[in-house]
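As a plain string of letters, each chain reads:
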Amino acid sequence: MSSIVIVTTEQVAGKVIQEHLGLVRGNTIRARHIGRDILAAFRNIVGGEIHDYTKLLGESREQALDRMAAEARELGADAVIGVRFSTSMLAHGAAELLAYGTAVKFEK
């Protein structure tokens with residue numbers, strides 16, 4: 001699988017954008033686990049990081065980025081610029097994480 005540049009900026013240093021291919025996105029929807037909720041409730045009382053949630057969100061971000069990059073590859077893109085993340089609650093205990101940006105081709 002070819003590497004794709006993913007940046008939050010509108011330009012890539014040292015590259016000239018030849019063509020904008022359009023919006024690309026990747027998302028994942030994850031549900032919480034009751035065991036994690038019990039631990040989270042305990043952490044709210046005593047304080048501290050909820051490592052299971054941190055790991056879950058990290059995995060969700062990577063999956064959303066991977067799906068966005070795959071969509072960009074299908075368009076023949078060299079990079080995705082202006083990348084952003086968005087989250088939304090879909091149901092009690094389930095949330096969506098969305099990564100989106102603009103697929104572009106560089107001048108050769």
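The structure this text deals with has already been given above.
Visitor: Quick question: what am I supposed to make of the environment of E19 here?
Guide: Locating E19 in the fold gives a position in strand β2 (residues 17-31). Judged by relative accessible area, which is 38%, E19 ranks as partly exposed. Note: C-alpha distance between E19 and A103 (84 residues apart in sequence) is 8.7 Å. Apart from the residues within four sequence positions on either side, E19 is in contact with A103, V104 and K105.

Visitor: For this particular structure, what's the right way to read the environment of R84?
Guide: Looking at the element boundaries, R84 is found in strand β3 (residues 79-91). Sequence separation of R84 and T8 is 76 residues, and the distance between their C-alpha atoms is 6.7 Å.

Here is what the cut-offs are and how they apply
Residues numbered from 1 in each chain as written. Predicted model: local features only at pLDDT ≥ 70, side-chain atom pairs only at ≥ 80, totals over all residues. Heavy atoms only, no water. Helix = DSSP H or I, 4+ residues; strand = E, 2+ residues; numbered from the N terminus. Buried < 20%, exposed > 50% of the residue type's maximum accessible area, 1.4 Å probe, protein only. Contact = heavy atoms within 4.5 Å.

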